[in-house]
Protein chains: 2
Amino acid sequence: MNSSFAPTERRLAVTCERHPAFPREPAVLVRLIKHIYKVVHDDANAVLKPFGLNHPEYNLLMMMYGTPSGEMTPSDLADAAGEKSANITRLTNQLCEKGLIHRKGSNDDRRKVVLTLTPGGEALIESFLPEICGLLGRQTGKLGADDQRQLERLLKKMLDGLTD
Amino acid sequence: MNSSFAPTERRLAVTCERHPAFPREPAVLVRLIKHIYKVVHDDANAVLKPFGLNHPEYNLLMMMYGTPSGEMTPSDLADAAGEKSANITRLTNQLCEKGLIHRKGSNDDRRKVVLTLTPGGEALIESFLPEICGLLGRQTGKLGADDQRQLERLLKKMLDGLTD
DNA sequence: CCGATGTAGTTTATTTATGTAATTTCCATT
DNA sequence: AATGGAAATTACATAAATAAACTACATCGG
């Protein structure tokens, strides 16, 4: 599974020759991001599997864990996790069945649903966080503190241009 | 759909408070990459839809376009595009049905299958490349030439640590 | 050389996940 | 009260991951 990036880069070079308008550098960046995303995603899934979670479920739990009020609506979650609302219904169903979150109707707007972490949910989070911290550390291990700050800055700059 | 990154970052800050071992900077980087990937992916799909393609199909076509010999086996493609081999069968079936690639058995190893772009496939690529070039330009528009080189360097460094 | 065993390349079948579109319920505004 | 729009869900369609099956090459001990 050790798919190196070098062959991809050679193919981009060939593409540039065949189609001179093709912007090599932007293409490399986009491909690198796809590439890294896939690896990061698969790694995370591997760590989470023993806890009975997949990556999107983990994302939802962490979004709730990071919300001071402890309450989120499905729309909030969809926005925060970048999932379609239909997915949120499915995913929160799964999390409810596992007893990790709790669902109740909102009082002030009966269209809304309010989701909260259960004690069991918080406990599960605390139990997998050490491993997640380790994973995050490994995933960025090659980068020094300076590199990380630089990378954050550049990624944010790129994102800035995307959300226009 | 303009999902800003600021709320995510606030949630990470809260997470750090609740769980001090949580490494803020690596988490920000990983989330940024996920975030950017999703946007880039969706944008590409939108551009490709009028051409009757989805993102993975586009990837396969471009991998073949960038291969000097013009020939690739399904395994080559799986490796190059980061797709599972079962997906390659499905995707290349679709591309064959659309008449964009051609499939034939290999002569020197009858286990292998050889895939080539058809003239129609090459023509389709040439027809969407201008729009793709535009998209790539927009996606990296905020980044200067220097930024792009830096970002490439840092992403490669990060990837380096991942494939261990 | 020959057959047994292992392994590579591809496909098929099954399950799981995701996207899309339409439905339902409710709030806000007039 | 009538219309329009927001929030969540449902039902349906599509895509993707997993695991098993199948065919062909490789190689090793007899």
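Here's a quick rundown of the structure. (Residues numbered from 1 in each chain as written. Chains lettered and ligands numbered in written order. Predicted model: local features only at pLDDT ≥ 70, side-chain atom pairs only at ≥ 80, totals over all residues. Heavy atoms only, no water.)

1. Looking at the protein's contact with DNA strand D
We count it as follows: Think of it this way: one heavy atom of a residue within 4 Å of a molecule or strand is enough to make that residue near it. Any pair of nitrogen or oxygen atoms within 3.5 Å is treated as a polar contact; in protein, a donor-acceptor pairing is required on top of that, and neighbouring residues in sequence qualify only through side-chain atoms on both sides. Only DSSP runs of H or I with at least four residues qualify as helices, and only runs of E with at least two residues qualify as strands; both kinds are numbered from the N terminus onward. Gly is put with the polar residues, along with every residue not named as nonpolar or charged; the nonpolar set is Ala, Val, Leu, Ile, Met, Phe, Trp, Tyr, Cys and Pro, and the charged set is Asp, Glu, Lys and Arg.
The immediate surroundings of DNA strand D are formed by 20 residues, with Pro74 and Ser75 of chain A together with Ala86, Asn87 and Arg110 of chain B found nearest. The share of sugar and phosphate among atoms of DNA strand D within 4 Å of the protein is 69%. Note that a phosphate oxygen of DNA strand D is positioned 3.3 Å from one of the side-chain N or O atoms of Arg103 of chain A. Contact distances for DNA strand D include 2.3 Å between a phosphate oxygen and a side-chain N or O atom of Asn87 of chain B. Taken together, the elements giving at least two residues each to the surface near DNA strand D come down to helix 4 (74–81) and helix 5 (85–97) of chain A together with helix 5 (85–97) of chain B. Among the residues making up the surface near DNA strand D, the classes are represented as 5 nonpolar, 6 polar and 9 charged.

2. Things to note about the sheet that holds strand 3 (residues 113–117) of chain B
All names here are of chain B. Defined as follows: When DSSP finds two or more bridges between a pair of strands, those strands are recorded as paired. Residue contacts follow a heavy-atom distance rule, with two residues in contact if any of their heavy atoms lie within 4.5 Å. To get an axis, fit a line to the C-alpha atoms, keeping to the stretch in contact for a helix; angles then go from 0 to 180 degrees between the N-to-C directions.
The 3 strands lie next to each other as 1-3-2, forming an open sheet whose pairing is antiparallel. Because the sheet does not close on itself, it has two edges, and the strands there are strand 1 (71–72) and strand 2 (101–105). The sheet contact formed by strand 1 and strand 3 spans 2 bridges and is antiparallel. Bridge pairing links Met72 to Leu115 in strand 3. Contacting strand 1, strand 2 and strand 3, helix 3 (residues 55–65) crosses the sheet at an angle of about 90° to strand 3.

3. Considerations on the protein's contact with DNA strand C
Of all residues adjacent to DNA strand C, which total 19 residues, the nearest are Asn87 and Arg90 of chain A together with Pro74, Ser75 and Val113 of chain B. For DNA strand C, the fraction of protein-proximal atoms (within 4 Å) that sit in sugar or phosphate groups is 67%. Arg110 of chain A places a polar main-chain atom, nitrogen or oxygen, 3.1 Å from a phosphate oxygen of DNA strand C. The side chain of Thr89 of chain B places a nitrogen or oxygen atom 3.3 Å from a phosphate oxygen of DNA strand C.

4. Side note on helix 3 (residues 55–65) of chain A
To keep things clear, this is the line we draw: Residue exposure (1.4 Å probe, protein chains only): buried if accessible area is under 20% of the type maximum, exposed if over 50%, otherwise partly exposed.
Within helix 3 of chain A, 10 of the 11 residues are buried, leaving the element largely enclosed by the surrounding structure. Here helix 3 of chain A has its buried residues at His55, Glu57, Tyr58, Asn59, Leu60, Leu61, Met62, Met63, Met64 and Tyr65 of chain A.

5. Observations concerning the relation of the copies chain B and chain A
For clarity, the cut-off: Each copy is superposed on the other by least squares, with the fit set by C-alpha atoms of residues at a pLDDT of at least 70 in both.
In screw terms, the move from chain B to chain A is a rotation of 180° and a rise of 0.0 Å along the axis, fitting with an RMSD of 0.1 Å. Considering both components of the superposition, the chain copies are consistent with a two-fold axis. In this assembly the copies share their binding face: 100% of the residues contributing to the interface of chain B also contribute to that of chain A.

6. Things to note about the packing of helix 1 (residues 6–18) of chain A against helix 2 (residues 24–48) of chain A
Residue and element names in this part refer to chain A. Where we set the bar: In these notes the angle categories are as follows: under 35 degrees is roughly parallel, over 145 is roughly antiparallel, 65 to 115 is roughly perpendicular, and the rest is oblique. Rotating anticlockwise by less than a right angle from the far helix to the near helix defines a left-handed crossing, while the corresponding clockwise rotation defines a right-handed one.
For the pair helix 1 and helix 2, interaxial distance at closest approach is 10 Å and the crossing angle is 150°. Put simply, helix 1 runs roughly antiparallel to helix 2. Every pair of crossing elements has a handedness; the one defined by helix 1 and helix 2 is right-handed. Between helix 1 and helix 2, the contacting residues are Thr8, Glu9, Leu12 and Cys16 on the first element and Arg24, Ala27, Val28 and Arg31 on the second. Broken down by class, the residue content of the contact of helix 1 with helix 2 amounts to 4 nonpolar, 1 polar and 3 charged.

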